[in-house]
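What follows is each chain in one-letter form.
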Amino acid sequence: METRKLRHPEVDLEGEVVLLPVGSTEQHGLHLPLGTDYLIAEALCREVSKRTGAPWYPAIPYGVSRHHMEFPGTVSLRTETMVALLTDVHRSFLHHGAAATLAVNGHGGNEAALGTVAEEEERFHWISWWKLAPTDELETDWGGHADELETSVMLYLYPELVGEERKVDGRPTKPWEFPNYHEISETGTKGDPRPATADKGKRIFKTVVERLVDVVEELRETYG
């Protein structure tokens, strides 16, 4: 159920697990569009909704992206703004009878805010989609931004939006580092997008969808 296309009498959230795509509007190197994170999250929610009947809402297109702000086009929210936004959206779903919210996240910078909401709000759940991705599909073992993983999925979903200029850039970061991207990458890419293919993207996307379907069904059992 794609709620934005429905009239209000047609929307019934009672007892439902509501899918909420969450992303960002930020640079994604020389070859991917600013909307990559929310476009992928939204596509995942759309497909999971088709398979489960769970309603999905329009993506939150902005996120916590301060570390990308030196690149043109990026928009960033403060963490506290993101927490407030997610909280208000989630409480709106519950007000209309939803059993739970499942936020499908496409941007790593949002994880602190998502975690805070999950700690403070009952029935709010979230997952960053790449944590459900099969790693055996990839030729490269590091990245995290406009890399082989993201580029493959975008080639499958939106090939017309993927540019040709793919460069290896950025450096691996330590687990405790959260640097500004202009300090580690000239292009805004972190990783190697060159091995990316649409076929890989298709297999990755389908696997993530299947795993998200399982999450929805588990939440239904929990709150049913």
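Each chain carries its own residue numbering, running from 1 in the written order of its sequence. Since the coordinates come from a predicted model, pLDDT governs what is reported: local features require at least 70, and pairs of side-chain atoms require 80 or more to be given and counted, while whole-chain, interface and lining totals use all residues. Each side-chain value is derived from all of the structure's non-hydrogen atoms; neither hydrogens nor water enter the calculation.

Asker: Could you give an account of the overall build of the chain, with specific residues and numbers?
Answerer: Elements are defined by DSSP. Helices are runs of H or I of four residues or more, strands are runs of E of two residues or more, and each kind is numbered from the N terminus. Tallying secondary structure elements over the chain gives six helices and three strands in all. Order of helices (α) and strands (β) in the chain, N terminus to C terminus: β-α-α-β-α-β-α-α-α. Only the C-alpha atoms count toward the radius of gyration. The rule for a globule is 2.2 Å times the residue count to the power 0.38. The globule rule puts the C-alpha radius of gyration for 224 residues at 17 Å, and the 17 Å found for the chain is close to it. Overall, the C-alpha framework of the chain stretches about 50 × 35 × 30 Å when taken along its three principal axes. Of all 224 residues assigned to the chain, the portion counted as buried reaches 51%. Sequence separation of at least 24 residues holds for 73% of the intrachain contacts in the chain that already meet a minimum separation of 6. Counting every atom, the chain has about 10800 Å² of accessible surface; 48% of that belongs to carbon and sulfur. Classification of residues uses two cut-offs on accessible area relative to the type maximum, computed with a 1.4 Å probe and protein chains only: under 20% is buried, over 50% is exposed, and between them is partly exposed. Contacts between residues were defined by any pair of non-hydrogen atoms, one from each residue, lying within 4.5 Å. Working definition of accessibility: Shrake-Rupley area with a 1.4 Å probe, residue cover restricted to the visible protein chains.

Asker: Describe the layout of surface pockets, naming the residues involved and giving the relevant values.
Answerer: Both cavities and pockets are sets of points on a 1 Å grid over the protein atoms alone; in a cavity a 1.4 Å probe fits but cannot get out, in a pocket the set is open with protein on both sides within 12 Å along at least five of seven lines, and lining residues sit with an atom within 4 Å of a point. Grid points are joined across faces, edges and corners, and a volume is the space filled by probe spheres set on the points. Volume-wise, the largest pocket comes out at about 810 Å³. Taken together, 35 residues line the largest pocket, and the ones lying closest to its centre are Trp130, Gly143, Gly144, His145 and Lys190.

Asker: Pulling in residues and values, what's your account of unusual backbone geometry?
Answerer: Although it is not a glycine, arginine 123 adopts a positive phi angle of roughly 70°. Along the chain, arginine 123 turns up in the loop between α3 (111–120) and β3 (124–128). For alanine 146, which is not glycine, the phi dihedral falls at a positive 55°. Structurally, alanine 146 is set in the loop between β3 and α4 (148–157).

Asker: Describe the packing of α4 against helix α6 (residues 198–223), naming the residues involved and giving the relevant values.
Answerer: Under this scheme, a helix contributes an axis fitted over its contacting stretch, all axes are lines through C-alpha atoms, and angles between N-to-C directions fall in the 0 to 180 degree range. Contact pair α4 / α6: the axes reach a minimum separation of 7 Å and the direction vectors enclose 95°. It follows from the interaxial angle that α4 and α6 lie roughly perpendicular. Contact residues: Glu148, Leu149, Ser152, Val153, Leu155, Tyr156 and Leu157 in α4; Ala198, Lys200, Gly201, Lys202, Ile204, Phe205 and Lys206 in α6. Partitioned by chemical class, the residues of the contact of α4 with α6 number eight nonpolar, two polar and four charged. When an angle is under 35 degrees it counts as roughly parallel; over 145 it counts as roughly antiparallel; between 65 and 115 it counts as roughly perpendicular; any other value is oblique. Side-chain classes follow a simple rule in which Ala, Val, Leu, Ile, Met, Phe, Trp, Tyr, Cys and Pro form the nonpolar group, Asp, Glu, Lys and Arg form the charged group, and the remainder, Gly included, forms the polar group.

Asker: Help me get a handle on a negative patch on the surface, residues and values and all.
Answerer: By definition, no residue in a patch forms a salt bridge, and every one has over 30% relative accessible area; like charges are joined within 9 Å, nonpolar side chains (Val, Leu, Ile, Met, Phe, Trp, Tyr) within 5 Å. Salt bridges are counted wherever a side-chain nitrogen of Lys or Arg sits within 4 Å of a carboxyl oxygen of Asp or Glu. Counted as positive: Lys and Arg. Counted as negative: Asp and Glu, with His and the chain ends omitted from the count. For the purpose of locating charges, the reference atoms are NZ of Lys, CZ of Arg, CG of Asp and CD of Glu. Together, Glu210, Asp214, Glu218 and Glu221 line one region of the surface with negative charge. Here glutamate 210 lies in helix α6. By relative accessible area, glutamate 210 is classed as partly exposed at 43%.

Asker: Tell me what's going on with the packing of aromatic side chains, and back it up with residues and numbers.
Answerer: Aromatic ring pairs are described here by two measures, namely the spacing of the ring centres and the angle between the planes. Two rings belonging to Phe, Tyr or Trp (six-membered ring only in the last case) form a pair when the distance between their centres is within 6.5 Å. Interplanar angles under 30 degrees mark stacking, angles over 60 mark edge-to-face geometry, and anything in between is tilted. With the rule as written, the count across this model stands at three aromatic pairs. Look at tryptophan 129 and tryptophan 130: their rings are 6.4 Å apart centre to centre, the planes differ by 80°, and that puts the pair in the edge-to-face class. By relative accessible area, which is 2% here, tryptophan 129 ends up buried. Judged by its relative accessible area of 29%, tryptophan 130 is partly exposed. Ring centres of tyrosine 156 and phenylalanine 205 lie 5.7 Å apart, and the angle between their planes is 55°; on these two criteria the pair is classed as tilted. Of the two residues, tyrosine 156 sits in helix α4 while phenylalanine 205 sits in helix α6, which places them 49 residues apart along the sequence. Looking at tyrosine 156, the relative accessible area reads 29%, which means it is partly exposed.

Asker: I'd like a rundown of the sheet that holds β3, residues and numbers included.
Answerer: Pairs of strands are assigned from DSSP output, requiring at least two bridges between the strands. The strand order β1-β2-β3 describes an open sheet built from three strands, whose pairing is parallel. Sheet topology places β1 (17–22) and β3 at the edges, where each strand pairs with a single neighbour. The average angle at which neighbouring strand axes cross in this sheet is 20°, direction not considered. In this structure, β1 lies alongside strand β2 (residues 100–105), joined through six bridges in parallel fashion. From the neighbouring strand, valine 22 faces β2, where its bridge partner is asparagine 105. Contacting β1, β2 and β3, helix α2 (residues 79–95) crosses the sheet at an angle of about 155° to β1. Contacting β2 and β3, α3 crosses the sheet at an angle of about 155° to β3.

Bear in mind that shape data such as this cannot, by itself, settle questions of function.
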